[in-house]
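What follows is the residue order along each chain.
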Amino acid sequence: MIPRLSQVETTEAIYLQFIEALQKAGFAGDLNQDYANRIVLSTDNSIYQMLPQGVLYPKSTDDLVLIAKLADESRFTEVKLSARGGGTGTNGQSLTDGLIVDVSKHMNQVLEINAEERWVRVQGGVVKDQLNRALKPYGFFFAPELSTSNRATVGGMINTDASGQGSVMYGKTRDHVLELNSVFLGGELWNSKPISDEELDEIKQRDDRVGEVHRLVDEVFTKKKDLIDAKFPKLNRCLTGYDLAHIRDEEGRFNLNSVLCGGEGSLAFIAEAKLNVLPIPKFAALVNVKYDSFESSLRDATDLMEWNPTSIETIDSKVLNLAMGDIIWDTVSAYFPQEEGEPEISGINLVEYTSDDEESLKADVARLEEHLKSVAGQAGKSFGFSVVYGAGEINKVWAMRKKAVGLLGNAKGQERPIPFVEDTAVPPENLADFIMEFRKVLDDRDLAYGMFGHVDAGVLHVRPAIDMKDQLQESLIRDITDEVVALTVKYKGLLWGEHGKGVRSEYAPEFFGELYPELQRIKGGFDPRNQMNPGKIATPAIDGAELLKIDAVPTRGQFDRQISSETREEYKEAMFCNGNGACFNYDPNDAMCPSWKGTRQRINSPKGRSSLIREWLRLMEQNGTDLVEEAKRVKASSFIASLPKRIKNTLAKKKEEEYDFSHEVHESMMACLACKSCVGQCPIKVNVPDFRARFLEVYYGRYLRPAKDYMVGSLECMIPWLSKFPAPYNWAMQNKVLKAIFRKHAGMVDSPTICTNSLITGMKARGIEFASPQLIKSLSEEQRSNAVIIVQDAFTSYFETQLVLDLVDLLSGLGFHVLLAPFKPNGKPLHVHGFMKAFEKAAESNSAMLKELDNTGVPMIGIDPSMTLTYRQEYGYVIPEKDLPKVQLIQEWLSNQKEKLGAFDLASRSTTEFKLMAHCTEKTNAAPSIRMWQQIYEAMGLKLDIQAVGCCGMSGTYGHETQNVETSREIYQLSWSEVVNNPGNKDRLLVTGYSCRSQVKRIDDQQLPHPIQKLLSLLKDK
Ligand SMILES: Cc1cc2nc3c(=O)[nH]c(=O)nc-3n(C[C@H](O)[C@H](O)[C@H](O)COP(=O)(O)OP(=O)(O)OC[C@H]3O[C@@H](n4cnc5c(N)ncnc54)[C@H](O)[C@@H]3O)c2cc1C
Ligand code: SF4
Ligand code: SF4
């Protein structure tokens, strides 16, 4: 039995007092000092891990004012505060051992769009892609770009002065900041914007912090102008953080925003921002230029800049190969053809043109094409290219590039690419030479790495692969950073070219030299006692205030190495999460991650769950528990013998007598839908359902399981019996009193009723037989070559029997010889709930039966996507690969039957255009199969569009569990509700998942058909 984890690092007294005082003062947001929230926010995308004392989620600017006011009181001067947005920083920017102030949870509204004057006002927690989606209908966009645009916030972008692809044309974030509403320590709310000298003089007269910082910044700028000119490099990317070089704008106006932008939360909280927006260019083209070496692509990029593109990005073969191995490649593969006889692609330049005039855009592209053709094959030049027109298609390539950054973390083995020297910038003309020397630094140490960069801006991204769990390898961080800093000096560049300073601020004093004390004075003006995100960018010149050091901050590796390698291996699906935050994708039409989207709690995300499991493993190890052995013990233990202890532990849990960190982990796991979107979409392939099941297995070795788990777990075994007499079961499920009892005591709601039209009767009526090796042997040659076996699952066979019969009818109608595999429990519900022993038994028994059928060579197909994919995913953990039965999704098999499909042209039917709403597991874990539905429809003269939607909120039994009903409905509202209720979609929507269809029925009382059912009805409808 696992031990109780009662000892965790508690919140310091001063912070508890601060939180209490905040509550008393009327703080309206959420205050979390539980260990789970603290652990989840102890990491960003960097190599570091710092446990905060608590997390504050302000609801409004007033809350920020309260925090800042209280922190300035003499009793709370030890309190440290670190603002946080998306938490995607790569250098520990938002990490603290004080309090985290997460503005992303509640302060995330686009407040005002002024199309006439071309600006937008937003709260600090608005995500960049969210903003652009709101601006799109007005024809505008917020131009600064970054790879994390689907989760990084405007507050974070402002504070790191973010920029990325297109920065040569569009500049950095601060180039688009018109006004900032900031909250200063002490609670002053200040609106900063470019001001005249008269206004400045007036402000300088104030005797508060606002007056003080204006006096200070103006004085530093006036007195140290020459030094500032000498120290601040004249790079496209300039220098993030306290940008004194741009205190006066082109019109000579004083602009405090130059200092605030890039301030990394060390000066003030950004509550709101007024931002400049630009018209979306009407036309765009992307030229993908291929090279046989990365060096050639880099050197040639400088030449290509003469053809005046909007931007040029270079990626190396490593990054490209990672993208090729991911589901994202499916969307762009057509643009990177490998022609016969061509060398392997080792470098690519992505050259983008944008314009409002189509002719001029085409002329620009034509000129570049001509040049590329004229130099093709020459040494150091490209050997081929392709051109993509239109923002929609181009964005697919950029999405691939953006994702590839995350994919760099998905290397095999223990050495994983990590950020610490990942964003150097040098003048573009020095880039190729700089990179060659940079590569030597890494090659000399035999390190693997992938590279890509904004070559037009001289920015290089590289993440060397290092195992931070290995103490020896950890020391490379210092050695390599020091060498790279020296190289940036040699090539007149910067270590901090794009992602800000964070922990790397330790290099600032040397870089700024005699200007650094001036930065300290500015910091001291805003934050005299070093409370605002201390240790980043600069410290006030007071005793004990020091910058963080790259090797003096605790790293994730130092915590992870406390877990035994055997346990790490067993839970590897959680260990490698690198915190890049792709799972915080804000897009409601994206499958990732419904429990995070439905609750907006970071503990309910793949990153949250991985972080909790890592800490749980570490604490278990500290308590001397071997979890690998523990799992074996639970499997071998007797249900009855362990009952008394489990009852005792559960009673203590109910009375809240005994703290156990496992309960916090459990709570987060129970909020997971087990939809597997993380498995398919996380760049590192973090597999929450897998480690969730392992956790639940041992957790319930110590505590009692809820009754609903037994109901769900046993459903597949019971259902064949229950279906023999469906009436009493259905009566019980529909009876109001019993429903209330089920809801309250069994924890289940809206359980479906069993179909009264039995599958066996339907089969008999159609002359369909059960498949067996003997029967298949007895088939004629023709029957055999046309045979297909439908593998049953409990949900469709018993709760949606008509769908199975419709599939039988359609396939028979197309000329196939249809057989039905005998029903056996698939085991997925057991796995979801962590009944691992029972799952293993079910998987072994079912796969043995299916493998025999598989060996006959007759193809097997499954109807429900999620149940069918279990055969290639969850089964893979318990069944040797050679014994795994091959069960295809319907579309994977049917799309290859073009001849039979083509014999039926349905183009003359009254409706021929449809929209597919695919199941999350299917579209994230078998992405190419979605297009196969389109091919099937196309082969029959129909058009099928893929409707962009997120999760429906049902996911197996999740939406039927009382504790989840509300969130389940909220998730449905995020994207499904609008599509389902759009009158334009009437009779056009097709749904592949059983769960999704039942959720639509339950919430909107509509029965949406499966794509198979639509085809059948069109076939019949002559
Ligand atoms: C895979 C990957 C790719 C990346 N690519 C790019 C890129 O192309 N270009 C680029 O510029 N960056 C890039 N980054 C870095 C990162 O995404 C950016 O720095 C981003 O701007 C951070 O935004 P965030 O909302 O996640 O901020 P966080 O990481 O939460 O915070 C960043 C800093 O801003 C401060 N902060 C946040 N909100 C506020 C606020 N409201 N008030 C005051 N201070 C605040 C924090 O204290 C912290 O110092 C990348 C990161 C990753 C993981
Ligand atoms: S779970 Fe995956 S997507 Fe989320 S932070 Fe971890 S590695 Fe990134
Ligand atoms: S399985 Fe689904 S709900 Fe659970 S963590 Fe992964 S994406 Fe989120």
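Relevant structure appears above.
Being a predicted model, the structure only gives us computed values, none of them experimental.

**Q** Tell me about the overall build of the protein chain, and please be specific about residues and values.
**A** Of regular secondary structure, the protein chain possesses 47 helices and 27 strands. Against the compact-globule benchmark of 31 Å for 1022 residues, the protein chain has a radius of gyration of 30 Å, which places it among compact chains. Expressed along its principal axes, the backbone C-alpha trace of the protein chain runs to roughly 95 × 75 × 55 Å. By sequence separation, contacts in the protein chain at least 24 residues apart represent 75% of the contacts at least 6 residues apart. As presented, the protein chain carries roughly 38,800 Å² of accessible surface, and 50% of it is formed by carbon and sulfur atoms. Each charge sign in the protein chain was given a centre, from 120 positive and 140 negative side chains, and these centres are 6 Å apart.

**Q** How would you sum up helix α33 (residues 759–766)? Please name residues and give values.
**A** Among all positions of α33, only Leu 759, Gly 762 and Met 763 are buried. In a view along the axis of α33, the buried residues occupy a sector of 100 degrees, so they form one face of it. Residues of α33 that are exposed and point over 90 degrees away from its buried face: Thr 761, Lys 764 and Ala 765. Backbone nitrogen of Ile 760 and a side-chain oxygen of the N-cap are separated by 3.2 Å at the start of α33; the cap is Ser 758. At the C-terminal side of α33, Gly 767 shows a positive phi close to 70 degrees.

**Q** Can you explain the site of ligand 1? Please cite residues and give values.
**A** Close contacts around ligand 1 come from 33 residues, with Ala 83, Thr 88, Thr 148, Thr 153 and Ser 163 the closest. Within the side chain of Glu 498, one N or O atom sits 3.0 Å away from a nitrogen atom of ligand 1. In this structure, an oxygen atom belonging to ligand 1 sits 3.5 Å away from a side-chain N or O atom of Asn 533. For ligand 1, the accessible surface in isolation is 970 Å², of which the surrounding protein chains cover 99%.

**Q** Describe in detail the packing of aromatic side chains, supporting the description with residues and values.
**A** Under the criterion given, the structure shown has 26 aromatic pairs. Ring geometry for Tyr 699 and Tyr 703: centres 4.9 Å apart, planes at 35 degrees, overall tilted. Residue Tyr 699 is classed as buried on the basis of its relative accessible area, which comes to 0%. Note on Tyr 703: relative accessible area 2%, which makes it buried. Arranged with centres 5.1 Å apart and planes meeting at 85 degrees, the rings of Tyr 871 and Tyr 875 form a pair that is edge-to-face.

**Q** Describe the pattern of salt bridges, listing the residues and the values that go with them.
**A** Counted according to the given criterion, the structure contains 74 salt bridges. Ionic pairing is found between Arg 206 and Asp 208, a salt bridge with its closest N-O pair at 2.6 Å. Lys 882 is paired through a salt bridge with Asp 883; the nearest N and O atoms lie 3.3 Å apart. By relative accessible area, Lys 882 is classed as exposed at 65%. Relative accessible area serves as the criterion here: at 31%, Asp 883 is assigned to the partly exposed category. Look at the salt bridges and you will find they share partners, linking Asp 161, Lys 172, Arg 174, Asp 175 and Asp 243 into a network.

**Q** I'd love a proper account of the environment of Arg 705, names of residues and values included.
**A** With respect to the helices and strands, Arg 705 occurs in the loop between α29 (688–702) and α30 (707–722). Taking the C-alpha atoms as reference, Arg 705 lies 38 Å from Asn 150; in sequence the two are 555 residues apart. With residues up to four places along the chain from it excluded, the contact list for Arg 705 reads Leu 696, Tyr 700, Tyr 710, His 833, Gly 834 and Phe 835. Among the polar contacts listed, one links the side chain of Arg 705 to the side chain of Asp 709, at a separation of 2.7 Å. One polar contact links the side chain of Arg 705 to the main-chain carbonyl oxygen of Gly 834, over a distance of 3.3 Å.

**Q** Tell me about the site of ligand 2, residues and numbers included.
**A** Lining the immediate surroundings of ligand 2 are 13 residues, of which Cys 577, Asn 580, Gly 581, Cys 583 and Cys 682 lie closest. Grouping the amino acids of the shell around ligand 2 by side-chain chemistry returns 8 nonpolar, 4 polar and 1 charged.

**Q** Tell me about the sheet that holds strand β23 (residues 860–862), residues and numbers included.
**A** Taken together, 5 strands build an open sheet; the order of strands is β20-β22-β21-β23-β24 and the sheet is parallel. The two strands at the open ends of the sheet, each matched to only one other strand, are β20 (769–770) and β24 (888–889). Relative to β23, strand β21 (residues 787–791) runs parallel, the two being bridged by 3 bridges. Each bridged residue has a counterpart across the sheet, and for Ile 790 the counterpart in β23 is Ile 861. The sheet contacts of helix α37 (residues 801–814) involve β21, β22 (817–820) and β23, and relative to β22 the element is tilted by about 155 degrees.

**Q** Could you give me a rundown of unusual backbone geometry, with the residues and numbers involved?
**A** Across the chain, the bulk of peptide bonds are trans and the bulk of non-glycine residues have phi less than zero. With phi around 50 degrees, Glu 264 is a residue other than glycine that occupies positive phi space. For Glu 264, the location among the structural elements is in the loop between α10 (257–260) and β10 (268–276). Of note in this structure, Asn 533 is not a glycine but carries a positive phi near 40 degrees. Mapped onto the elements of the fold, Asn 533 is located in the loop between α19 (516–526) and α20 (556–560). The buried category is assigned to Asn 533, whose relative accessible area is 1%.

**Q** Could you give me a rundown of the sheet that holds strand β6 (residues 119–123), with the residues and numbers involved?
**A** Hydrogen bonds between backbone groups are what pair the strands of a sheet, and the pairing can be parallel or antiparallel. Judged by pairing direction, the sheet is antiparallel, and its 5 strands sit side by side in the order β5-β6-β10-β8-β9 without closing on themselves. The outermost strands of the open sheet, each flanked by one partner alone, are β5 (110–114) and β9 (189–192). Across the sheet, the mean angle separating the axes of adjacent strands is 15 degrees when strand polarity is ignored. Where helix α4 (residues 128–135) meets the sheet, its contacts fall on β5, β6 and β10, and the angle it forms with β5 comes to roughly 40 degrees.

Calculation criteria
Residues numbered from 1 in each chain as written. Chains lettered and ligands numbered in written order. Predicted model: local features only at pLDDT ≥ 70, side-chain atom pairs only at ≥ 80, totals over all residues. Heavy atoms only, no water. Helix = DSSP H or I, 4+ residues; strand = E, 2+ residues; numbered from the N terminus. Rg over C-alpha atoms; globule rule 2.2 N^0.38 Å. Contact = heavy atoms within 4.5 Å. Areas by Shrake-Rupley, 256 points an atom, 1.4 Å probe, with all protein chains shown as cover. Lys, Arg positive; Asp, Glu negative; His and termini not counted. Charge placed at Lys NZ, Arg CZ, Asp CG, Glu CD. Buried < 20%, exposed > 50% of the residue type's maximum accessible area, 1.4 Å probe, protein only. Arc of directions from axis to C-beta. Polar contact = N/O pair within 3.5 Å; in protein donor to acceptor, adjacent residues only side chain to side chain. Near = heavy atom within 4 Å. Phe/Tyr/Trp six-rings, centres within 6.5 Å; stacked < 30°, edge-to-face > 60°. Salt bridge = Lys/Arg side-chain N within 4 Å of Asp/Glu carboxyl O. Nonpolar A, V, L, I, M, F, W, Y, C, P; charged D, E, K, R; others polar. Pairing = 2+ DSSP bridges. Axes fitted to C-alpha atoms, helices over the stretch in contact; angles between N-to-C directions.

Without other data, these values stay purely geometric and don't point to any function.
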